[in-house]
Amino acid sequence: SAETFTVRDFGALDYFNLLIDDQNATKDTFSAAAAALDINGSFTVNGGSFTAPATTMTLAGNFSHTGGTFTHNNGTVILDGASQSIFGSTTFRHLTKNVTSAATLTFEAGSTQTITGTLTLQGAAGQLLSLRSSNPGTQWNIDPAVPRVVNYLDVQDSNNTNATAINAVGTN
């Protein structure tokens, strides 16, 4: 039968890479629901089910959701690495990436990122956050709710599927 496992927060000794890849027919659940989670490498869900923390999940590497289930649990995913990628289509509650030095956030071509809470994507004056497709010329989709905090971006190949336009301030 399916089991539930708790992914613990170990403070300064959190995870480098976290892979959820349950290929059993029972599809176990992995939950970080109680505490913040800091992943200093990549996060991947290939199979099974992962419930994110209700607080924050901070990620320095790539976010990959190519199978199984990712449940946002009303928490915030913070991308704090330099240049990062998001693979697969995912629903986030809050998604944040702030940079003070130029960086690139790459989205898998054809994927859709749905944000039901706050979308925060911010570069800085002269230090843009570039948003790109993994296959230049092929669109990636974004469906952000309101509010949105978007500043100093360089965007290519994106398609806003939400009825409300995204107005960027300070975008070069």
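All figures in this text were calculated on a predicted structure; none of them were measured in a lab. (Residues numbered from 1 in each chain as written. Predicted model: local features only at pLDDT ≥ 70, side-chain atom pairs only at ≥ 80, totals over all residues. Heavy atoms only, no water.)

Caption draft 1: The arrangement of the packing of aromatic side chains in detail. All told, the structure shown has eight aromatic pairs when counted by the stated rule. Centre to centre, the rings of Phe50 and Phe70 are 6.2 Å apart; their planes meet at 20°, and the pair counts as stacked. With Phe50 in strand E6 (residues 49-51) and Phe70 in strand E9 (residues 69-71), this residue pair connects regions lying 20 residues apart in the sequence. Residue class for Phe70 comes out buried when judged on its relative accessible area of 9%. (Phe/Tyr/Trp six-rings, centres within 6.5 Å; stacked < 30°, edge-to-face > 60°. Helix = DSSP H or I, 4+ residues; strand = E, 2+ residues; numbered from the N terminus. Buried < 20%, exposed > 50% of the residue type's maximum accessible area, 1.4 Å probe, protein only.)

Caption draft 2: Local environment of the sheet that holds strand E13 (residues 94-98). Pairing is parallel in the open sheet, where six strands are placed in the order E4-E7-E10-E13-E16-E19. With one partner strand each, in any of the chains shown, strand E4 (37-39) and strand E19 (148-151) form the two edges of the open sheet. Averaged over all pairs of adjacent strands, the angle between their axes in this sheet comes to 15°, without regard to strand direction. The pairing of strand E16 (residues 119-122) with E19 spans four bridges and is classified as parallel. Residue pairing for E19: Leu119 is matched across the bridge by Arg148. (Pairing = 2+ DSSP bridges. Axes fitted to C-alpha atoms, helices over the stretch in contact; angles between N-to-C directions.)

Caption draft 3: Expanded view of the environment of Ile86. Locating Ile86 in the fold gives a position in strand E11 (residues 84-87). Looking at Ile86, the relative accessible area reads 0%, which means it is buried. Not counting residues up to four positions away in its chain, the partners in contact with Ile86 are Phe63, Leu79, Leu95, Leu105, Thr106, Phe107, Glu108 and Gln113. (Contact = heavy atoms within 4.5 Å.)

Caption draft 4: How the structure looks around the pattern of salt bridges. With the rule as written, the count across this model stands at one salt bridge. In this structure, Asp154 engages Arg132 in a salt bridge whose closest nitrogen and oxygen atoms are separated by 2.9 Å. Of this pair, Asp154 sits in strand E20 (residues 153-155) while Arg132 is found in strand E17 (residues 129-133), placing the two residues 22 residues apart along the sequence. Taking relative accessible area as the criterion, Arg132 reaches 18% and is therefore assigned buried. (Salt bridge = Lys/Arg side-chain N within 4 Å of Asp/Glu carboxyl O.)

Caption draft 5: The side chain of Thr120, seen in detail. As for its position among the elements, Thr120 is in strand E16. Judged by its relative accessible area of 10%, Thr120 falls in the buried class. Filtering out sequence-adjacent residues up to four positions away, Thr120 remains in contact with Leu95, Thr96, Lys97, Asn98 and Val149.

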